[in-house]
Amino acid sequence: MSATKTTYETPHYQDHLMEHHHEENFITKYIFSTDHKMIGKQFLITGMIMGIIGVMMSMLFRLELAYPEQSFPILEFFLGKWAPDGVMDPNIYLALVTIHGTIMVFFVLTAGLSGTFSNLLIPLQIGARDMASGFMNALSYWFFFLSSVIMVASLFVESGPAAAGWTVYPPLSALPQAMPGSGMGMTLWLISMTFFIVSSLLGSLNYIVTVLNMRTKGMSMTRLPLTIWAFFVTAVLGTLSFPVLLSAALLLMFDRMLGTSFYLSDIFIGGEVLNFSGGSPVLYQHLFWFLGHPEVYIILLPALGISSEVIATNSRKPIFGYRAMVGSILAIAFLSFIVWGHHMFVTGMNPFLGSVFTFTTLLIAIPSAVKAFNYITTLWKGNIQYTPAMLFSIGLVSTFVTGGLTGVILGDSALDINVHDTYFVVAHFHIVMGLSAIFGMFAGVYHWFPKMYGRMMNKSLGYAHFWLTFVTAYGVFFPMHFLGMAGLPRRYYSNTAFPMFDNLADINVLITYFAIIGGIAQLIFIFNFFYSMRRGPKATQNPWRANSLEWTTPVEHLHGNWPGSVPEVHRWAYDYSKPGAEEDFVPQNVPLAEGEESGH
Amino acid sequence: MSTVSIIVLIVLGILTLVQVMRISEISSEIQKGKDNAVSEKDNDTQGTLMLLVGFGFVISVVVMYLAWGKHLLPEPASAHGKEFDGLMNLSMLIINIVFFVVQPILFYFAWKYRGKKGQKAVYYEHNNKLELFWTMVPALALAVLIIWGLNVWSTVMMPENEEEPMVVEVYAQQFNWTTRYAGADNQLGNATVYEIEGANILGVDTKDAASADDIVAKELHLPVGKPVLFQFRSQDVIHSAYFPHFRAQMNCVPGAVTYFQFTPTLTTAEIRQNKDVKNHVEEVNTIREAKGEDVWEFNYVLLCNKICGAAHYNMQMDIIVETEDEFNAWLNEQKTVAETL
């Protein structure tokens, strides 16, 4: 798209926002705010609270895995009747891994990551006064809040929370006879996810409309910062795939409550044959993974967008291969829709389908490789400024490479036969999706904290947080590859039932040590975050000397973002260390100098 | 009590941190004003840490390979397992080459190009040749892996049989396995959940003539060197029949029948003589002895590998691969469906 095509006057309706100075009271400012910056912060804080719950759960079940069936008073403290005499019950173990997965995947890395930064950055970086619909945006947050409350509430029901794994495959999740977690807990899980999907759709539609229609003068699509490209494509992915999860969840609810047989057939449980016939559990898996695989990129792309921005800014260099970066985002997004079957190689589906999915899955490695190499080339001959955000971004590149590589094995149907559902899978997706995304999220928080709260986070605590997190994260997940290659299945409450795994016990203890240290290290971040919010040094307008438009807004938040008119854009976001320029950065709103050429 | 004291400790720790921060902040304000900006010294320290920790990580991966390589599964005990391991080794070789080249480069660059005063970064936007190069190289490597992988996949999933495979049913329920042999006609009788009653736990249709010589057992015996076609059923939730030593796995899906075929190539007696297996057994028994547990003898094992409920972690069955004579002797001892139902 050429720059001329989108040059229009700054829309009047946007300036309109500036004319009305609504009286803001506590409720309209902090609670039912329609300001995108406040909504972004609401997503972040809610996501962090959910994150604390999710990580604490993982520390509890890591304790169980290191010392299976042993008594710990702390388990009884947190789990009550689910840990009689401090020994964890197998049902609650499964519930913990299920809710840990659900919370981390959806509540932290989807809503917490994409919700926070899409909201905060889309209007600021494209030069808009707010989102297309502030009301829808507020609604999106409140549906997310409601869904979080229901999910947390489900932890306290009599029969325990959902426990069928975060993918909640029926019939296990459909039959309360199969496990206690499939009772009330599962119903709440489904209701919570329904609200979550509503929230996600409201948000995504808003992001798409805002990016397409509300860019300031001169902000052509090819001048968008990569963050915005990532958020935009993520929103498209979410809009196309979340409705399919909604349908999967609804059909599961029908099976559970109305006696339909979408996923159930020929079941004998609890001494009787159930009245279901003709359904297929594999249908659920198709529907689930049709969302589930794009979901991986819904999580990952925003993190990659954030790290593109942070790496370019702090290398003081343009991001290498901007067009290839955009192209690979688009290629990954497209491919993500035609690879879902690689989660189902051993379900008994037609082997020919397995071949097709192997082919499409392994193709994703190509755009991913392009991204990784382009990050590394961006570092090359840079002048790297080590902010905590930069550390996390480089950490992201490392985990993205490490975790991406093992995808080559899992995506290959023939090899998947023997590593499917083992710890090899746990290692793979935690490194490539979990760590990369959470590193991207941390990078985003450190980088845009001054924009969110007008203050700086403490640098030294940031450094300490990164190194502890980086080392312990690899310490937790890298050894899991070996467990998986030894044939150890995931979601085992204890490995003591198989003597062949006895010699893996030491590795599990080691992993648990790393997990506990890594979990506690997050307190440094939480402390730094809340401390700096109140007492951090005041931020300057453009602390990282960055080019994108958000740094042209005043430090103090303003409804409508810019006090005067919205800045006009004259160049792309990556004119760092441009020859001929005096400074090593040239913000996007600086007109081209005489004789200066703009590639974008 | 310990929980309360841990919480108190954490709270105290946080309070201490707050005080330390306040002091350091006030003192730095007195010194200079704002000093949270990244200094050249920071770049130097963090860049050096990148190099040290990054290379430390890469080296620790080598150490893990050396220390834990012995934990990997022993040689495959099935005919297709050799092809599986070949493909796995090739894939592992490729991803390890990439890992050990790319990670060091990343951490080296992170150190080499750490910010210095007066240094200016190079304005380097793109290079089509370079980008084409690193699009094509992965594409070529993947082409090899895809073609080879699909070849292995189709030989595993759609094997061409020289002799008729022996049909065995593996039946899953919470939380155990049952087997059913097809008997002399090599044909399993019909079975549905609607026929389950009393001793007929598999729901075998006794009116179906093919079921009369079926044999239901609680062990999985297999003759060496003969192809076995497994038929999988489940009566309640999804289970997954995982035979790690045979590089085989298939889900058991209620309401459907799934299949997987392989040929065992090493008897239980033979695999016990394998060097890796012997070392494994010795290591495990040293651990078990220290804990006062029984001595373990290696057996092939069938595991459940799809979350299926509380005792998922203990849903197992031993697999005994033996010579054809031994197998026939065992089978002849078993009672047929006609005799038991």
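1. Points about the overall build of chain A
- Regarding its fold elements, chain A presents 17 helices and two strands.
- What you see for chain A is a C-alpha radius of gyration of 24 Å, in line with the 25 Å of a compact globule of 600 residues.
- C-alpha extents for chain A along the principal axes are approximately 80 × 50 × 45 Å.
- The buried share of chain A, reckoned over its 600 residues, is 64%.

2. As for the sheet that holds strand 1 (residues 166–173) of chain B
Residue and element names in this part refer to chain B.
- As summarised here, the arrangement of the five strands in space is 3-2-1-5-8, forming an open sheet in which the pairing is mixed. On the outer flanks of this sheet lie strand 3 (215–217) and strand 8 (258–262), each paired with one strand and no other. Between one strand and the next, the sheet's axes are offset by a mean angle of 25 degrees, whatever the strand orientation.
- Inspection of the sheet shows strand 2 (residues 176–181) paired to strand 3 by three bridges, in the antiparallel sense.

3. So, the sheet that holds strand 4 (residues 220–223) of chain B
Residues and elements named next belong to chain B.
- Pairing is mixed in the open sheet, where five strands are placed in the order 4-10-9-6-7. A strand with exactly one partner marks an edge of an open sheet, and here the two such strands are strand 4 and strand 7 (248–252). For this sheet, the mean angle separating the axes of adjacent strands, direction not counted, is 20 degrees.
- Packed on one face of the sheet, helix 7 (residues 324–333) meets strand 4 and strand 10 (316–322) and runs near 140 degrees to strand 4.

4. A short note on helix 4 (residues 128–157) of chain B
- End to end, helix 4 of chain B covers 42 Å across 30 residues, agreeing with the expected 44 Å (1.5 Å per residue, within 8%).
- On its buried face, helix 4 of chain B sits against helix 10 (322–336), helix 11 (351–363), helix 12 (365–379), helix 13 (388–410) and helix 14 (413–419) of chain A together with helix 3 (81–112) of chain B.

5. A look at the confidence of the model for chain A
- Confidence in the prediction of chain A, expressed as mean pLDDT, is 92, and 96% of residues score 70 or more.
- Within the model, the stretch residues 1–13 of chain A combines pLDDT values under 50 with 18 contacts to residues more than four positions away or in other chains.

6. A few points about the environment of Ser-147 of chain A
- Looking at where Ser-147 of chain A falls in the secondary structure, it is placed in helix 6 (residues 134–153).
- Once residues lying within four places of it in the same chain are set aside, the contact partners of Ser-147 of chain A are Ser-192, Phe-195, Phe-196 and Ser-199 of chain A.

7. Quick word on the packing of helix 9 (residues 281–315) of chain A against helix 15 (residues 423–453) of chain A
Residue and element names in this part refer to chain A.
- Two elements in contact, helix 9 and helix 15, have axes separated by 8 Å at closest approach and are oriented at 45 degrees. If you check the angle between helix 9 and helix 15, you find them oblique. Pair helix 9 / helix 15 crosses with left-handed handedness. For the pair formed by helix 9 and helix 15, the contact residues are Val-296, Ile-299, Leu-300, Pro-302, Ala-303, Leu-304, Ile-306, Ser-307 and Val-310 on the first element and Met-433, Ser-436, Ala-437, Gly-440, Met-441, Ala-443, Gly-444 and His-447 on the second.
- When grouped by side-chain class, the residues that make up the contact of helix 9 with helix 15 number 12 nonpolar, five polar and no charged.

8. So, the packing of helix 3 (residues 36–66) of chain A against helix 6 of chain A
Residues and elements named next belong to chain A.
- Relative orientation of the contacting elements helix 3 and helix 6 amounts to 15 degrees, with a least axis distance of 10 Å. One way to sum up the angle between helix 3 and helix 6 is to call them roughly parallel. Our pair here, helix 3 against helix 6, has a crossing hand that is left-handed. Of the residues in helix 6, those touching helix 3 at His-36, Ile-39, Gln-42, Phe-43, Thr-46, Met-50 and Ile-53 are Asn-137, Ala-138, Tyr-141, Phe-144, Phe-145, Ser-148 and Val-152.
- In terms of residue class, the contact of helix 3 with helix 6 is built from nine nonpolar, five polar and no charged.

9. Some words on the confidence of the model for chain B
- Mean pLDDT over chain B stands at 91; residues scoring 70 or higher make up 94%.
- Overall fold confidence for the complex sits at a pTM of 0.93, while the interface term, ipTM, reaches 0.93.

10. Overview of unusual backbone geometry
- A cis amide bond links Pro-170 of chain A with the next residue in sequence, Pro-171 of chain A, at an omega value of 0 degrees.
- Of note, Pro-171 of chain A is situated in the loop between helix 6 and helix 7 (184–213).
- In this chain, Gln-174 of chain B is followed by Phe-175 of chain B through a cis amide linkage whose omega measures -5 degrees.
- In this fold, Phe-175 of chain B is placed in the loop between strand 1 and strand 2.
- Of note in this structure, Val-168 of chain A is not a glycine but carries a positive phi near 35 degrees.
- Along the polypeptide, Val-168 of chain A turns up in the loop between helix 6 and helix 7.
- Given 26 C-beta atoms within a 10 Å radius, Val-168 of chain A is considered buried.
- Its identity is not glycine, yet Ser-577 of chain A carries a phi of approximately 55 degrees, on the positive side.

11. Some thoughts on helix 6 (residues 275–290) of chain B
All names here are of chain B.
- Counted at 1.5 Å a residue, the expected span for helix 6 with its 16 residues is 22 Å, and the 23 Å between its end C-alpha atoms agrees.
- Among all positions in helix 6, only Val-277, His-280 and Val-284 are buried. Relative to the axis of helix 6, the buried residues are bounded by an arc of 60 degrees and lie together on one face. Facing away from the buried side of helix 6 by over 90 degrees, the exposed positions are Lys-275, Glu-282, Thr-286, Glu-289 and Ala-290.
- Buried residues in helix 6 make contact with helix 5 (268–272).
- Downstream of helix 6 by a residue or two, Gly-292 has a phi angle that is positive, lying close to 75 degrees.

12. Details of the pairing of strand 10 of chain B
Residue and element names in this part refer to chain B.
- Here strand 10 shows a buried face lined by Met-317, Ile-319 and Val-321 and an unburied face lined by Gln-316, Asp-318, Ile-320 and Glu-322.
- Judged from the four bridges that link them, strand 4 and strand 10 form a sheet pairing that is parallel. For His-221, the partnering residue across the bridge sits in strand 10 and is Ile-320.
- Here strand 9 (residues 300–304) runs beside strand 10; their pairing, made up of four bridges, is antiparallel. Within strand 10, the residue paired with Tyr-300 across the bridge is Ile-319.

13. What to know about the pairing of strand 7 of chain B
Residue and element names in this part refer to chain B.
- In terms of burial, strand 7 is largely enclosed, as five of its five residues are buried.
- Of the two faces of strand 7, the one lined by Ala-248, Met-250 and Cys-252 and the one lined by Gln-249 and Asn-251 are each fully buried.
- Bridge count for strand 6 (residues 239–243) against strand 7 is five bridges, and the pairing is antiparallel. When the bridges of strand 7 are listed, Ala-241 appears paired with Met-250.
- Between strand 6 and strand 7, which pair antiparallel one after the other, the connecting turn spans four residues, and Arg-247 there sits at a positive phi close to 55 degrees.

Criteria and cut-off values
- The residue numbers shown here count from 1 along each chain, following its written sequence.
- Here the convention is simple: chains get letters from A, ligands get numbers from 1, in the order in which they are written.
- Per-residue local features of the predicted model are confined to residues with pLDDT of at least 70, and side-chain atom pairs are confined, for both listing and counting, to 80 or more; whole-chain, interface and lining totals are unaffected and use all residues.
- In this text, helices come from DSSP runs of H or I with a minimum length of four residues, and strands from runs of E with a minimum of two, each type numbered from the N-terminal end.
- What the globule rule says is 2.2 Å times the number of residues to the power 0.38, and the radius of gyration is computed from C-alpha atoms.
- Exposure criterion: with C-beta atoms placed from backbone coordinates, a residue whose C-beta has 20 or more other C-beta atoms within 10 Å is buried, one with 12 or fewer is exposed, and one in between is partly exposed.
- The rule for pairing is simple: two strands pair if DSSP sees at least two bridges between them.
- Every angle, taken between N-to-C directions, lies between 0 and 180 degrees, and every axis is a line fitted to C-alpha atoms, over only the stretch in contact when it is a helix.
- Residues are defined as contacting one another if the C-beta atoms placed from their backbone atoms lie within 7 Å.
- For a helix, the expected span equals 1.5 Å multiplied by the number of residues minus one.
- A residue's pLDDT is the confidence the predictor assigns to it, expressed on a 0 to 100 scale.
- Throughout this description, any angle smaller than 35 degrees is read as roughly parallel, any larger than 145 degrees as roughly antiparallel, any in the 65 to 115 degree range as roughly perpendicular, and the remainder as oblique.
- The crossing is said to be left-handed when, going from far helix to near helix, the turn is anticlockwise and less than a right angle, and right-handed when the turn is clockwise.
- Gly counts as polar in this scheme, as do all residues outside two lists: the nonpolar Ala, Val, Leu, Ile, Met, Phe, Trp, Tyr, Cys and Pro, and the charged Asp, Glu, Lys and Arg.
- What the arc covers is the set of directions going from the helix axis to the C-beta atoms.

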